[in-house]
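Given next are the chains, with one letter for each unit.
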Amino acid sequence: MIYSHEVEKMCKVAQGVAHGAAPIPEEAKWVKAKEIKDISGLTHGIGWCAPQQGACKLTLNVKEGIIQEALVETIGCSGMTHSAAMASEILPGRSLLEALNTDLVCDAINTAMRELFLQSVYGRTQSAFSEDGLPVGAGLDVLGKGLRSPVGTMYGTLKKGPRYLEMAEGYVTGIALDKDDQIIGYQFVSLGKMTDFIKKGDDPTTAWEKSKGQYGRVADAVKIIDPREE
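Below or above, wherever it landed, is the structure these notes cover. None of the values given here were measured: they were computed from a predicted structure.

Let's talk about unusual backbone geometry
- In the Ramachandran plot, Val105 falls in the positive-phi region, its phi being about 75° despite a non-glycine side chain.
- Structurally, Val105 can be placed in the loop between helix 3 (96–100) and helix 4 (107–121).
- Val105 sits in the partly exposed class, given a relative accessible area of 38%.
- Not every positive phi belongs to a glycine, and Asp132 is a case in point at roughly 65°.
- Under the relative-accessibility criterion, Asp132 is labelled exposed at 59%.

A short note on the pattern of salt bridges
- Tallied over the full model, the rule gives ten salt bridges.
- Between Glu115 and Arg114 there is a salt bridge whose closest N-O contact spans 2.8 Å.
- The exposure class of Glu115 is partly exposed, given its relative accessible area of 22%.

Here's the deal with the nonpolar core
- With 23 residues, the main nonpolar core has Cys56, Leu58, Leu60, Val72, Leu91, Ile109 and Met113 as its most contacted residues.
- For this core, the element with the highest residue contribution is helix 4, accounting for six residues.
- Ignoring any residue separated from it by four or fewer positions in sequence, one finds Cys56 in contact with Gly45, Ile46, Gly47, Val72, Glu73, Thr74, Met80, Ala108, Ile109 and Ala112.
- Counting residues in hydrophobic clusters, the runner-up holds six residues, among them Met167, Val172, Leu177 and Phe188.

Things to note about the pairing of strand 3 (residues 41–48)
- Bridge count between strand 3 and strand 4 (residues 55–63): eight bridges; the pairing is antiparallel. The residue of strand 4 that forms the bridge with Trp48 is Ala55.
- Linking strand 3 to strand 4, which pair antiparallel, is a turn of six residues; within it Gln52 sits at a positive phi near 55°.

Concerning the pairing of strand 6 (residues 153–157)
- Here five bridges tie strand 6 to strand 7 (residues 161–167), and the two strands are oriented antiparallel to one another. In the strand pairing of strand 7, Thr157 is matched with Gly161.
- Counting the residues that bridge the hairpin from strand 6 to strand 7 gives three residues.

Some remarks on the sheet that holds strand 4
- Strand order in the open sheet formed by three strands is 3-4-5, and the pairing between neighbours is antiparallel. Here the strands that pair on one side only, and so sit at the sheet edges, are strand 3 and strand 5 (66–75). Ignoring which end each strand starts from, the neighbouring axes of this sheet average 15° apart.
- Here strand 4 pairs with strand 5 via nine bridges, running antiparallel. Residue pairing for strand 5: Lys57 is matched across the bridge by Glu73.
- Contacts between helix 2 (residues 78–90) and the sheet are confined to strand 4 and strand 5, with strand 5 contributing the most and set at about 175° to the helix.

Conventions and cut-offs
Residues numbered from 1 in each chain as written. Predicted model: local features only at pLDDT ≥ 70, side-chain atom pairs only at ≥ 80, totals over all residues. Heavy atoms only, no water. Helix = DSSP H or I, 4+ residues; strand = E, 2+ residues; numbered from the N terminus. Buried < 20%, exposed > 50% of the residue type's maximum accessible area, 1.4 Å probe, protein only. Salt bridge = Lys/Arg side-chain N within 4 Å of Asp/Glu carboxyl O. Core = buried A, V, L, I, M, F, W, Y, C linked by side-chain atoms within 4.5 Å. Contact = heavy atoms within 4.5 Å. Pairing = 2+ DSSP bridges. Axes fitted to C-alpha atoms, helices over the stretch in contact; angles between N-to-C directions.

In C-alpha cells, the structure reads:
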C-alpha cells in the first residue's frame, strides 16, 4: 500500500471509538454484518430501464450471502422477457456482491438488483423479523396457484372512456355497464386455469367455460361490452 508523503510525516493517534457495525434485523436476529456471508433474507423490489419503457419486479431469497431463489417478472418491453430468462439462470448460486456486479442483460433487471442489494444490506428485507426467514420456494407464493404474474392492463381515452383488459383474476372478456354507461363489474377468464384444464384433457371450449368468472354487479348490468371490440 502506498502512502503520500504528507501522511507518512503525520504522528500516530489512537482510534479510541470503534464500536463496530450497527446491528440490522435478519430473519428474527440482530446481526452485525461485516461480510456478504452475514446477509440473509427474502426481499423484492422494482427496477426500471434508462428510457423507462420497461420495469422489472425482482424477488430474491438469500441465505448466508448466496442467492438461493430468484423470481424475475418484467413488463413493458418485449426484449425483457428474454433478458429475464437469462437472469433466472444467472442469479441462483451467486453472492449478493457478485450479482450486483454481474450484467443481468436488461437495464431494468440490473436496477432492481441494485435496489434489492440496498434493502438486504440495510436490513430492510420482507423476512427481517421472520424466525429463520422464509423457505426456498417462497417466491412462488407471489404468483399464486396459476404461477402467473398478477398483471393489470387498462386503457382509456377521453372520447370513449376506460377499457379493462386484464385484472389479477385474468383476461377481461366483458365490461358490465349500468344505465349511465358506468362500469359496475367485469367478466374474465383465468388463462392459467384454462391452460391447466386443456393439459388435463379438456377441449378448449370446455376449458374456457370452466375458467370463467365475474366480479362486481354483473347481474345488474344494462349491457355488457367486449373491451377489445368497437
